[in-house]
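Observations on the three-dimensional arrangement
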Amino acid sequence: MQVTLELPDQAARQWGATPEAAGRQMLEDAAIERYREGRLSQRQVGGLLGLDYWQTETLLSQRGVPLNYSPADLDADSAALDKILAPS
């Protein structure tokens, strides 16, 4: 899907010096906001932005976005690890 926005030049420059840079910055901002809201996963953010796991992790960290990782996620990961490490 392609979305086109018309903004006054002065407003658009707040996102970037060129239309391409502004578009990229707006896409990053939208993806990060959806991640903060819990509507996108880290993997989905990376997919939207063409980033691998570590690049996405770095971007979120640079933007001061905390990891969406709940106590329930920790419990599930701990149980999975216990299963993997259990003696056969």
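Details of the structure are given in the entry above.
Remember, it's a predicted structure, so these values are computed and weren't measured experimentally. (Residues numbered from 1 in each chain as written. Predicted model: local features only at pLDDT ≥ 70, side-chain atom pairs only at ≥ 80, totals over all residues. Heavy atoms only, no water.)

1. Quick look at the nonpolar core
We apply this condition: To form a nonpolar core, buried Ala, Val, Leu, Ile, Met, Phe, Trp, Tyr and Cys residues must be joined to one another through side-chain atoms within 4.5 Å. The rule is simple: take the accessible area with a 1.4 Å probe, protein chains only, and divide by the maximum for that residue type; under 20% is buried, over 50% is exposed, in between is partly exposed. Only DSSP runs of H or I covering at least 4 residues are called helices, and only runs of E covering at least 2 are called strands; the numbering of each starts at the N terminus. The criterion used for residue contact is that any of the two residues' heavy atoms lie within 4.5 Å.
Among the nonpolar cores identified, the biggest contains nine residues, and these are A31, I32, Y35, L40, V45, L49, L59, L60 and V65. Residue assignment for this core shows that the elements contributing at least two residues are α2 (19-36), α3 (42-49) and α4 (53-62). Counting residues per element, this core draws most heavily on α2, at three residues. If we skip the residues at most four places from it in the chain, I32 touches L59, L60, R63 and V65.

2. Topic: the pattern of salt bridges
Rules: Within this document, salt bridges are pairs made up of a side-chain nitrogen of Lys or Arg and a carboxyl oxygen of Asp or Glu, the two lying within 4 Å of each other.
In the structure shown here, the tally under the stated rule is six salt bridges. The residue R36 makes a salt bridge to E33 at a minimum N-O spacing of 3.9 Å. Of this pair, R36 and E33 both sit in helix α2, three residues apart, which is roughly one turn of the helix. Residue classification places E33 among the partly exposed residues on the basis of a relative accessible area of 35%.

3. Side note on α2
The α-helix winds at 3.6 residues per turn, so residues separated by three or four positions along the chain end up facing the same way. Put simply, the rule reads: Each residue after the first adds 1.5 Å to the expected span of a helix.
With 18 residues, α2 extends 26 Å between its outermost C-alpha atoms, agreeing within 8% with the 26 Å of an ideal straight helix rising 1.5 Å per residue. When we look at burial in α2, the residues that qualify are A22, M26, E28, A31, I32 and Y35. Where the residues of α2 are buried, they touch α1 (9-12), α3 and α4. Where α2 terminates, the next one or two residues include G38, which has phi positive at roughly 80 degrees.

4. Here we look at the packing of aromatic side chains
Two measures describe an aromatic ring pair: the distance that separates the ring centres and the angle between the ring planes. We apply this condition: Any Phe, Tyr or Trp ring, taking Trp's six-membered ring, that has another such ring centre within 6.5 Å forms a pair; planes under 30 degrees apart are called stacked, those over 60 apart edge-to-face, and the others tilted.
Under the defined criterion, the tally for this structure stands at one aromatic pair. Pairing Y53 with W54 gives two aromatic rings, centres 4.7 Å apart and planes at 85 degrees, and the pair type is edge-to-face. The class of Y53 is partly exposed, set by a relative accessible area of 47%.

All we've got here are geometric facts, nothing functional implied.
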